[in-house]
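Coordinate analysis (summary)
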Amino acid sequence: YSVILPESYNTGKKYYMVLALHSLGRNENYLKAQLATASNKNFIIVCLRGNMPYGSGFRWGYEESDAYILHMVKHLQRKYQTYQKFLLLGFSNGAYQALYSALRNPEKFSLIAALSGGSITTIKDPFMQNAKQIPVLLISGKLGAEQAVSHQMDELALALMQNGGVPGRIIF
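Structural notes, computed from the coordinates. (Residues numbered from 1 in each chain as written. Predicted model: local features only at pLDDT ≥ 70, side-chain atom pairs only at ≥ 80, totals over all residues. Heavy atoms only, no water.)

**Overview of the overall build of the protein**
- Of the regular secondary structure elements, the protein holds 4 helices and 11 strands.
- For the protein, the share of sequence-separated contacts (at least 6 apart) that also reach a separation of at least 24 residues comes to 68%.
- Element-wise, carbon and sulfur atoms account for 53% of the exposed surface of the protein, whose accessible area totals about 8800 Å². (Helix = DSSP H or I, 4+ residues; strand = E, 2+ residues; numbered from the N terminus. Contact = heavy atoms within 4.5 Å. Areas by Shrake-Rupley, 256 points an atom, 1.4 Å probe, with all protein chains shown as cover.)

**Remarks on the packing of aromatic side chains**
- Evaluation of the coordinates by the stated rule reveals 6 aromatic pairs.
- Among the aromatic residues, those joined into a ring-pair cluster are Tyr-9, Tyr-15 and Tyr-80.
- The ring of Tyr-30 carries the charged tip of Arg-26 above its face, separated from the ring centre by 3.9 Å.
- One cation-aromatic arrangement involves Arg-104 over Tyr-100; the distance from NZ or CZ to the ring centre is 3.6 Å. (Phe/Tyr/Trp six-rings, centres within 6.5 Å; stacked < 30°, edge-to-face > 60°. Lys NZ or Arg CZ within 6 Å of the ring centre and 35° of its normal.)

**Here we look at the pairing of strand S7 (residues 109–115)**
- As judged from the 6 bridges shared by strand S6 (residues 86–91) and S7, these two strands associate in the parallel manner. Across the sheet, residue Leu-87 finds its bridge partner in S7, namely Leu-111.
- Handedness of the β-α-β unit built from S6, helix H3 (residues 93–104) and S7 comes out right-handed. (Pairing = 2+ DSSP bridges. Right-handed = clockwise from strand over helix to strand, strands pointing away.)

**A look at the environment of Tyr-62**
- Following the sequence through the fold, Tyr-62 ends up in the loop between strand S5 (57–59) and helix H2 (63–79).
- Between the C-alpha atom of Tyr-62 and that of Asn-93, which follows or precedes it by 31 residues, the distance is 9.2 Å.
- Contacts of Tyr-62, omitting those with residues within four sequence positions, involve Asn-93, Tyr-96, Gln-97 and Tyr-100.
- At 2.9 Å, the side chain of Tyr-62 forms a polar contact with the side chain of Asn-93. (Polar contact = N/O pair within 3.5 Å; in protein donor to acceptor, adjacent residues only side chain to side chain.)

**A short note on the packing of H2 against H3**
- Relative to each other, H2 and H3 sit at 65 degrees, their axes nearing to 10 Å. The angle between H2 and H3 places the two elements in the roughly perpendicular class. Helix-helix and strand crossings are classified by hand; for H2 and H3 the assignment is right-handed. Residue-level contacts link Glu-63, Ser-65, Asp-66 and Ile-69 of H2 to Gln-97, Tyr-100, Ser-101 and Arg-104 of H3.
- Along the lines of polarity and charge, the residues of the contact of H2 with H3 split into 2 nonpolar, 3 polar and 3 charged. (Axes fitted to C-alpha atoms, helices over the stretch in contact; angles between N-to-C directions. Parallel < 35°, antiparallel > 145°, perpendicular 65-115°, else oblique. Left-handed = near helix turned anticlockwise from the far one by under 90°. Nonpolar A, V, L, I, M, F, W, Y, C, P; charged D, E, K, R; others polar.)

**Some remarks on the nonpolar core**
- Counting 28 residues, the largest nonpolar core has Leu-19, Leu-48, Phe-109 and Ile-112 as its most contacted members.
- Elements with a minimum of two residues in this core: strand S2 (16–21), strand S3 (43–48), H2, S6, H3, S7 and strand S8 (136–139).
- In terms of residues, this core owes the most to one element, H3, which gives 5 residues.
- Leu-48 has contacts with Tyr-1, Leu-19, Ala-20, Leu-21, His-22, Glu-28, Trp-60, Tyr-68, Ile-69 and Met-72, leaving out every residue within four places of it along the chain. (Core = buried A, V, L, I, M, F, W, Y, C linked by side-chain atoms within 4.5 Å. Buried < 20%, exposed > 50% of the residue type's maximum accessible area, 1.4 Å probe, protein only.)

**Considering the pairing of S6**
- Sheet topology note: the S2/S6 ladder contains 4 bridges and is parallel. Its bridge partner lying in S6, Leu-19 is registered against Leu-88.

In structure tokens form, the structure reads like this:
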């Protein structure tokens, strides 16, 4: 994993922790380069590496990666002064993993931000009901002229959440 510490990091101070999960075929260093300019005055960003090889990079394996993420949460809580719950941020394949892990372990996470993560329609109850305990932000977008993930997939995911009584919105 790779860490971005606040500008004036103090070991005696408690910080918010952001776990960032990269997209398919990438790694933690790619993600750290993308997030390096993020304002990090009051939080620590930890870019995790997917635990499954994929080409020259890595990927997230959903169920197989869930235990790994929970292990990393415990490790980071021992290493840094953090608040109990972490924000889970994911991009593409990492966005789906963020949704998968946070909805299965809502006691560990305070917010899910899924950027171009595709459909969460395969996440079945009772896990979808856990979205009532955690704010979920779905963000769709385009990369140049090409859309990264079908906006219709995020609309379907939002409808599924809303049908379960979970409020939400999509930013596109």
